[in-house]
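For reference, the chains in residue letters:
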Amino acid sequence: MMIPKVRKAVFPAAGLGTRFLPATKAQPKEMLPLVDKPLIQYGVEEAIHSGIQNIIVVTGRGKSSIEDHFDVSFELEQLLESKGKSELLSMVRAISDMIDISYVRQKEALGLGHAVHRAKELVGNEPFAAILSDDVISSETPCVRQLLDVYEYYGASVLALMEVPKEQISAYGVVDAEQVGDNGVGNRLFRIRNMVEKPRPADAPSNLAIIGRYILTPEIFHCVESIEPGSGGEIQLTDALKYMLRNRPIYGLKFEGTRYDAGDKLGFLKATVEFALNRHDLGESFRAYLKNLCIQ
Ligand code: UTP
């Protein structure tokens, strides 16, 4: 059987970002910059480096700056050109030239499953990646590429998994999974048996949490339509995946790399410091500054 190629990535970006108030009152969380680049641009670059050709962003009210960011900025380009700032000009142009992006609205933040379902018409009957841009991942091979390698072998949905300490497990969707042996990715591949959204630590089936990268087969849309609101009264993607498990296999990959929860204040600060330290233009002086801080 031919396994259809993944060409599209969906970026749900219609959440309210309440963990980052007040910054997210009038500005989308996806536009918060890590050093100098908005979170969503890291995700878009990861998709491009994984071979994705089309991007669909699910936006909500107050999210127009996301569209402006990836659009041509005529006045800015003219100004940079007239001032002879050619490096900045090509950087700004590169963002709007990056990839073809379409937008669809989620009028109410009814949950991640609901947000993904809003992309149904634009995705059509083909597999796609879903990327939550507040999970920023630094890795040698882009995380989406790692998941695609598994997808291209099995032709089934694949989720990115990460080990999480027990006291934090209630913030995640958690899987019950069995290891798949002998697959060329060490002991990092699992076949998922069950999953539960935001379990109490005592009820968590494992310490393996689902993080914001998915390869989904198009049956997911029907699965979202078939479930009721779950944890927090939201239409949860985890519940739709659990429904899908009734008649489709789903795989999970413990990806290689470091994930930062940039939708959370502490996670965002950690990512900012580490990304700044790794920058060629800033790293050295920032390191010197940090060394001089007398942190007790
Ligand atoms: P989060 O769980 O981070 O929710 O959503 P949130 O509402 O954005 O932020 P907090 O928890 O209130 O601080 C994970 C991803 O799903 C998207 C968000 O934009 C984020 O990328 N999402 C969530 C939607 O697009 N729609 C929703 O209804 C819910």
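Look up: the structure comes first, before these words.
Conventions used here
- Residues numbered from 1 in each chain as written.
- Predicted model: local features only at pLDDT ≥ 70, side-chain atom pairs only at ≥ 80, totals over all residues.
- Heavy atoms only, no water.
- Buried < 20%, exposed > 50% of the residue type's maximum accessible area, 1.4 Å probe, protein only.
- Helix = DSSP H or I, 4+ residues; strand = E, 2+ residues; numbered from the N terminus.
- Patch = residues over 30% accessible without salt bridge, like charges linked within 9 Å, V, L, I, M, F, W, Y side chains within 5 Å.
- Areas by Shrake-Rupley, 256 points an atom, 1.4 Å probe, with all protein chains shown as cover.
- Salt bridge = Lys/Arg side-chain N within 4 Å of Asp/Glu carboxyl O.
- Axes fitted to C-alpha atoms, helices over the stretch in contact; angles between N-to-C directions.
- Parallel < 35°, antiparallel > 145°, perpendicular 65-115°, else oblique.
- Left-handed = near helix turned anticlockwise from the far one by under 90°.
- Contact = heavy atoms within 4.5 Å.
- Nonpolar A, V, L, I, M, F, W, Y, C, P; charged D, E, K, R; others polar.

Our next topic: helix H1 (residues 39-49). Counting buried residues along H1, nine of its eleven residues qualify, which places the element largely inside the surrounding structure. Leu-39, Ile-40, Gln-41, Tyr-42, Gly-43, Val-44, Glu-45, Glu-46 and Ala-47 are the residues of H1 that are buried. Two residues or fewer past H1, Gly-51 is found with a positive phi of approximately 100 degrees.

A grouping of Tyr-289, Leu-293 and Ile-295 is seen on the molecular surface, where their side chains present a nonpolar patch of about 330 Å² in accessible area. With respect to the secondary-structure elements, Tyr-289 resides in helix H11 (residues 283-292). Residue classification places Tyr-289 among the partly exposed residues on the basis of a relative accessible area of 48%.

So, about the packing of helix H3 (residues 74-82) against helix H4 (residues 86-97). Where H3 meets H4, the closest approach of the two axes is 9 Å, and the angle between their N-to-C directions is 155 degrees. Taken as axis vectors, H3 and H4 run roughly antiparallel relative to one another. In this structure, H3 crosses over H4, and the sense of that crossing is left-handed. Of the residues in H4, those touching H3 at Leu-76, Glu-77, Leu-80 and Glu-81 are Leu-88, Leu-89, Val-92, Arg-93 and Ser-96. Classifying every residue of the contact of H3 with H4 gives five nonpolar, one polar and three charged.

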